[in-house]
Amino acid sequence: MQDDDGQPRQSVPHFPTIQSLRGIAGALPRSLSWKDMQEIAHNDRAEEVARSLMASSDRRNDGVFIHPAALVESDQIGEGTRVWAFAHILPGVTIGRGCNVGDHCYIEQGVTIGNDAVIKNGVSIWDGVSIEDRVFVGPNVAFTNDLVPRAKAHRDVWDPTLIREGASLGANATIVCGTTIGRYALVGAGTVVTKDVPDFGLVVGNPGRLVGFVCRCGQKLAFVKNRAVCACGGRFRRTDQGVDEVQGVEEQR
Ligand SMILES: CC(C)(COP(=O)(O)OP(=O)(O)OC[C@H]1O[C@@H](n2cnc3c(N)ncnc32)[C@H](O)[C@@H]1OP(=O)(O)O)[C@@H](O)C(=O)NCCC(=O)NCCS
Ligand SMILES: [Zn+2]
């Protein structure tokens, strides 16, 4: 066969296009993992292999949506979690149920993410970072895992970072490693967190400063005589250590 200019046409290996894989994926319960894609890319009978992998996929990873253009090398991903285009999840990552991992995220081995967490676009999460249930990580949040980095100075243990249940990290925040962000804390956009943030704490600025406390719903709390009631009904008490949520019997005190 010849091209229009009369030159012999080079033989082109038969690789499936993303569009053709997406067409197949649409008819089946789950999309393809990176391992599946590699197997397909090296096989002449691409579509046939894709179909057979897809047909067995719900047994291997029930209810997980992986965009065909994502690279997912971990099989520890919980039901209902969705991983969007150009995200790369390494082997050894554990992600719970009902999470959402946005475009262009990179998640390194050793990372654990709980249930119902939302990781917006463009977030890299390094070994040593732990993220609990219902955490919101805003777009382009920068995590770190080495307090004193040097090129090619590899370590066995990284400086840990813990983001506790329900906390939210605003867009472009930087989380310096070795810190814990407390339950339902709120980190403002662009904040550089250098110290632990207490439960329900609101921090903004560089360096991040504690400027108040927020409810579970995210609204700022106004304290009168160390008590605050949010419009949503949430009740809080100031203590020497920070803020406690008041529930049930404690409310009578
Ligand atoms: C921190 C935040 C919750 C505060 O909201 P707010 O209570 O409505 O803030 P206000 O507008 O009342 O600001 C109060 C003060 O804090 C400052 N401030 C607000 N957000 C700030 C931030 N991220 N960094 C530094 N200062 C901030 C304001 O300039 C203002 O300062 P002033 O008193 O000197 O005028 C909000 O600004 C924020 O950063 N939200 C995160 C948004 C985000 O990243 N979403 C991600 C999903 S897309
Ligand atoms: Zn509230």
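Reading guide: rules and limits
Here the residue numbers are simple positions, counted from 1 along each chain's written sequence. By the order in which they are written, chains take letters starting at A while ligands take numbers starting at 1. Two thresholds apply to this predicted model, a pLDDT of at least 70 for residue-level local features and 80 or more for giving and counting side-chain atom pairs, whereas whole-chain, interface and lining totals are computed over all residues. The secondary structure listing takes helices from DSSP runs of H or I that are at least 4 residues long and strands from runs of E that are at least 2 residues long, numbered from the N terminus. With C-beta atoms placed from the backbone, the exposure class of a residue follows from how many other C-beta atoms lie within 10 Å of its own: 20 or more, buried; 12 or fewer, exposed; in between, partly exposed. Contact definition: two residues whose C-beta atoms, as placed from backbone geometry, lie within 7 Å. Should DSSP find at least two bridges between two strands, the strands are regarded as paired. A set of buried residues drawn from Ala, Val, Leu, Ile, Met, Phe, Trp, Tyr and Cys, joined through C-beta atoms within 7 Å, is what defines a nonpolar core. A residue's pLDDT is the predictor's confidence in that residue, given on a scale from 0 to 100.

Draft legend 1. Representation of the overall build of the protein. Of regular secondary structure, the protein possesses 3 helices and 24 strands. In the protein, which comprises 253 residues, the proportion classed as buried is 34%. Sequence-distant contacts, at least 24 apart, represent 25% of the contacts inside the protein between residues at least 6 apart.

Draft legend 2. Layout of the sheet that holds strand 8 (residues 112-113). Taken together, 5 strands build an open sheet; the order of strands is 5-8-11-14-17 and the sheet is parallel. The open sheet has two edge strands with one neighbour each: strand 5 (94-95) and strand 17 (180-181). Alignment of strand 14 (residues 161-163) against strand 17, held across 2 bridges, turns out to be parallel. When the bridges of strand 17 are listed, I163 appears paired with I181.

Draft legend 3. Geometry of the sheet that holds strand 3 (residues 82-83). Strand order in the open sheet formed by 9 strands is 1-3-6-9-12-15-18-20-21, and the pairing between neighbours is mixed. Each end of this open sheet is capped by a strand with a single partner; those strands are strand 1 (65-66) and strand 21 (209-213). When strand 15 (residues 168-169) meets strand 18 (residues 186-187), the two strands line up parallel, connected through 2 bridges. Residue pairing for strand 18: S168 is matched across the bridge by L186.

Draft legend 4. Spatial organisation of unusual backbone geometry. Of note, the bond from N206 into P207 is cis; its omega dihedral lies within 30 degrees of zero at -5 degrees. Position of P207 relative to the elements: it lies in the loop between strand 20 (201-204) and strand 21. Its identity as a non-glycine residue notwithstanding, F86 has a phi of 65 degrees, on the positive side. For F86, a count of 15 C-beta atoms within 10 Å puts it in the partly exposed group. In this structure, Y184 takes a positive phi of about 55 degrees despite not being glycine.

Draft legend 5. Geometry of the environment of C215. By the secondary structure assignment, C215 is in the loop between strand 21 and strand 22 (227-229). Exposure remark for C215: the 22 C-beta atoms within 10 Å place this residue in the buried category. If sequence neighbours within four positions are ignored, C215 has contacts with L221, C230, C232 and G234.

Draft legend 6. Layout of the nonpolar core. L169, A185 and V187 are the most contacted members of the largest nonpolar core, which has 49 residues in total. Breaking this core down by element, the ones donating at least two residues are strand 11 (129-131), strand 12 (136-137), strand 18 and strand 20. Every residue in contact with V187, bar those within four places of it in the chain, is listed here: S168, L169, G170, A173, I181, V193, V197, V203 and G208.

Draft legend 7. Structural context of the environment of R209. By the element assignment, R209 lies in strand 21. For R209, a count of 13 C-beta atoms within 10 Å gives the class partly exposed. Separated by 15 residues in the primary sequence, R209 and T194 place their C-alpha atoms 9.2 Å from one another. When residues no more than four places from it in sequence are discounted, the contact partners of R209 are V203 and V204.

Draft legend 8. Local environment of the pairing of strand 21. Direction of pairing for strand 20 relative to strand 21: antiparallel, over a ladder of 4 bridges. Counterpart to L202 in the pairing with strand 21 is G212. Remark: 4 residues form the turn of the hairpin made by strand 20 and strand 21, two consecutive strands paired antiparallel; G205 in that turn has positive phi of roughly 95 degrees.

Draft legend 9. Layout of the pairing of strand 20. As defined by bridge partners, strand 18 adjoins strand 20 across 2 bridges and the pair is classed as parallel. By the bridge assignment, V187 is partnered in strand 20 with V203.

Draft legend 10. Main features of the confidence of the model for the protein. On average, residues of the protein carry a pLDDT of 85, and 73% of them reach 70 or more. Here residues 7-15 scores under 50 on pLDDT; set against residues more than four positions off or in separate chains, the count is 9 contacts.

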